[in-house]
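Fold and geometry: a report
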Amino acid sequence: MFRLLAWSMGLTLGALSVAAFLLLTETGNGLLRPLAEQALQTKLPKATITLLDIRPDHANLSVQLSPESQLLFNAKTALLEGKATGTWQLISKDLTQLQAILPMPLAGAASSEGNFDTSFAQQEAKGKISLTLSQIDFTLNHKKEAPATLNAYGKLTLSEIAQLLQQPSLANGHLQLVAQLKLDNWHDKQSLNGTIGTNINDGMILAQMLNETTTIALPSNTPFVLNTTTDVLNGKTLSQILLNSPLATLGLNNLRYNLGEDGLNSDHQTNINDLSKLSFLTDSPLHGRMQINGKLSYTLPTHHLIADASSQTLGGKITAKLNGDQLNAQLIDLQATELSAMLGMPVVFKSSIKGDLVYDLGKHIGKFDANLYDGQILPNEFSALLNSAAKFDITREVYERVHTDGTMNAGNITANLDMQSHLTHLSAKDAQINLKQHLVNATLLTQVKGFTIPICIQGDLSSPKMSSDLSAALAKQAEQAATQSIEQEKQTLTNKIKEQLNLPRFGH
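Now for a quick tour of the structure. Since we're looking at a predicted model, the values are computed, not measured.

1. Digging into the overall build of the chain
Looking only at helices and strands, one finds seven helices and 27 strands in the chain. Considering the chain as a whole, with its 508 residues, one finds that 37% of them fall into the buried category. Expressed as a percentage of contacts within the chain between residues at least 6 apart in sequence, the contacts between residues at least 24 apart total 40%. Surface summary for the chain: the accessible area is close to 28600 Å², and the carbon and sulfur share equals 56%.

As structure tokens, then:
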């Protein structure tokens, strides 16, 4: 909009200069009007000049920029001194018709009005830009051989900003803007310096609109507060952004962007105090809290995001890198007990976890491979069942290395497990975990004391039911007990016979 006003004022001054050579007569105005109109139509083919009245003491201009847009200038002039004082008014019901002279594609209705005082030594303007419910007030001052200064203050509604930028309206609220900028050269973006501050205190993310335009299924409207500060130095911006909501706190620190370029980069920090509130994003409800730090870069034309992140969490560390839709993560010394608690699963095993995860966010498929070290089974339904079947306390066993791998497909996990201690060997193949329905279906083969017990694990992940056919195990135990009893009876009978026959005992 500022560019449009500057362009319009420049057109007026140019017209004034040419008019001076035409002796500022009605005839001269008549000759100038088609020339000026022809120049306008190189950018706006449907533009027409409906009034051009330029005399030594005044200048009145009316331009139909498009069928839905009109520009009016009225000024008192002193052409010999190069001075003009006046007002402008711009009204557009459809900004899409003015794309050729706007700095970016805009849509909707807008208007601007104000007054100006210009000379060879100084140009001043004071005005406002208005939408239906939004307004920016500004002052522009440019003294000869000094930077042009622009001060702006405004209050805008988010829905109108979205319409203006031709984007879906994903949020309600009001944005307050304060800007103080200096520009050494109108034609050089690298000469821009100053500060820009914005804040939104009453923001509300609209669940229905978000769900209709993205793959995110936000369960309800969510309030938020946004604060930003931007320093501009020689056309390079450095921004600090903080977004607070009940879901998370997101900070973009030292976000760097060079005006006119296609990419930006930043440090980021996310604090999530309650992971369960993000269940609409995760395939399974999570529990606990998490802090994530890292760096990101974003390419504006292609919307391509590259980011890395790390989190000291779950007793260890998670590092990850996102390149477009491809996510690669490393698990470093995570504690199985804390991971189980976060996933809402029974805490039945303690160990240290190291592994890798690859996941395609667009296709929702991936794979994982991990090793667990120094593991030990904690007392639980499984250990009690095994103790009942085999008279064996598996909680005393130590598993120096446990291996697990598998695949993921849209919230369905197929996993394999292999773990061995001095006296046991536990394994599972193609165990099924459905994160969306929070269900598990697996068979754990448990080899203990020379025989195998298949244990079925089924039901809700938070409290699955365990069952086993104990007949084989009990039959084996009975056979061992019977064999041991026969041997004892045989030895007792042999000793009695020897005593009755008074046979010598050797080795005593």
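2. Focus: the packing of aromatic side chains
For any pair of aromatic rings, geometry is given as the distance between the ring centres together with the angle between the planes. Evaluation of the coordinates by the stated rule reveals three aromatic pairs. Judged by centre distance (6.4 Å) and plane angle (55°), the rings of phenylalanine 349 and tyrosine 399 are tilted. With phenylalanine 349 in strand E20 (residues 349-360) and tyrosine 399 in strand E22 (residues 399-409), this residue pair connects regions lying 50 residues apart in the sequence. Its relative accessible area of 13% is what places phenylalanine 349 among the buried residues.

3. Quick notes on the pairing of strand E12 (residues 222-233)
In E12, alternate side chains face the same way, and those of Thr222, Phe224, Leu226, Thr228, Thr230 and Val232 are buried while those of Pro223, Val225, Asn227, Thr229, Asp231 and Leu233 on the opposite face are not. As defined by bridge partners, strand E11 (residues 192-205) adjoins E12 across 10 bridges and the pair is classed as antiparallel. Opposite isoleucine 196, over in E12, you have threonine 230 as the bridge partner. Looking at chain direction, E12 and strand E13 (residues 236-244) are connected through nine bridges and run antiparallel.

4. A closer look at the pattern of salt bridges
Counted by the stated rule, this structure contains five salt bridges. A salt bridge links arginine 55 to aspartate 53; its shortest N-O distance comes to 3.4 Å. Owing to a relative accessible area of 27%, arginine 55 belongs among the partly exposed residues under this scheme. Across the salt bridge formed by arginine 396 and aspartate 393, the nearest N and O atoms sit 3.5 Å from each other.

5. As for the environment of asparagine 293
Mapping asparagine 293 onto the fold places it in strand E16 (residues 290-299). Taking the relative accessible area as the measure of exposure, asparagine 293 reaches 27% and is therefore partly exposed. With 18 residues separating them along the chain, asparagine 293 and serine 311 place their C-alpha atoms 6.4 Å apart. Apart from residues lying up to four places away in sequence, asparagine 293 is in contact with His268, Gln269, Asp308, Ala309 and Ser310. A polar side-chain atom of asparagine 293 sits 3.1 Å from a polar atom in the side chain of glutamine 269.

6. Points about the environment of glutamate 145
Summarising the element assignment, glutamate 145 is placed in the loop between strand E7 (135-143) and strand E8 (148-157). For the pair glutamate 145 and glutamine 122, spaced 23 residues apart in sequence, the C-alpha separation works out to 9.5 Å.

7. Things to note about the side chain of threonine 198
Locating threonine 198 in the fold gives a position in strand E11. On the accessibility criterion, threonine 198 (16% relative accessible area) is buried. Engagement of the side chain of threonine 198 in a polar contact is seen with the side chain of threonine 228, the distance being 2.4 Å. Filtering out sequence-adjacent residues up to four positions away, threonine 198 remains in contact with Leu175, Gln176, Leu177, Leu226, Asn227 and Thr228.

8. Topic: helix H2 (residues 26-41)
Spacing of three or four residues puts side chains on the same side of an α-helix, whose turn is 3.6 residues. Relative to the 22 Å expected for 16 residues at 1.5 Å per residue, H2 spans 23 Å between its end C-alpha atoms, a close match to the ideal helical length. Among all positions of H2, only Gly28, Asn29, Leu32, Ala36 and Leu40 are buried.

9. What to know about the pairing of strand E24 (residues 424-434)
Look at any regular strand and the pattern is simple: side chains alternate between the two faces of the sheet. Bridge count between strand E23 (residues 412-420) and E24: eight bridges; the pairing is antiparallel. Within E24, the residue paired with leucine 417 across the bridge is alanine 428. Between E23 and E24, which follow one another and run antiparallel, lie three residues. For E24 and strand E25 (residues 439-448), the ladder comprises seven bridges, and the chain directions are antiparallel. Note that in E25 the partner of threonine 424 across the bridge is valine 448. The turn joining E24 and E25, which pair antiparallel and follow one another in sequence, is formed by four residues; a positive phi near 60° is taken by histidine 438.

Rules used in this analysis
Residues numbered from 1 in each chain as written. Predicted model: local features only at pLDDT ≥ 70, side-chain atom pairs only at ≥ 80, totals over all residues. Heavy atoms only, no water. Helix = DSSP H or I, 4+ residues; strand = E, 2+ residues; numbered from the N terminus. Buried < 20%, exposed > 50% of the residue type's maximum accessible area, 1.4 Å probe, protein only. Contact = heavy atoms within 4.5 Å. Areas by Shrake-Rupley, 256 points an atom, 1.4 Å probe, with all protein chains shown as cover. Phe/Tyr/Trp six-rings, centres within 6.5 Å; stacked < 30°, edge-to-face > 60°. Pairing = 2+ DSSP bridges. Salt bridge = Lys/Arg side-chain N within 4 Å of Asp/Glu carboxyl O. Polar contact = N/O pair within 3.5 Å; in protein donor to acceptor, adjacent residues only side chain to side chain. Expected span 1.5 Å × (residues − 1).

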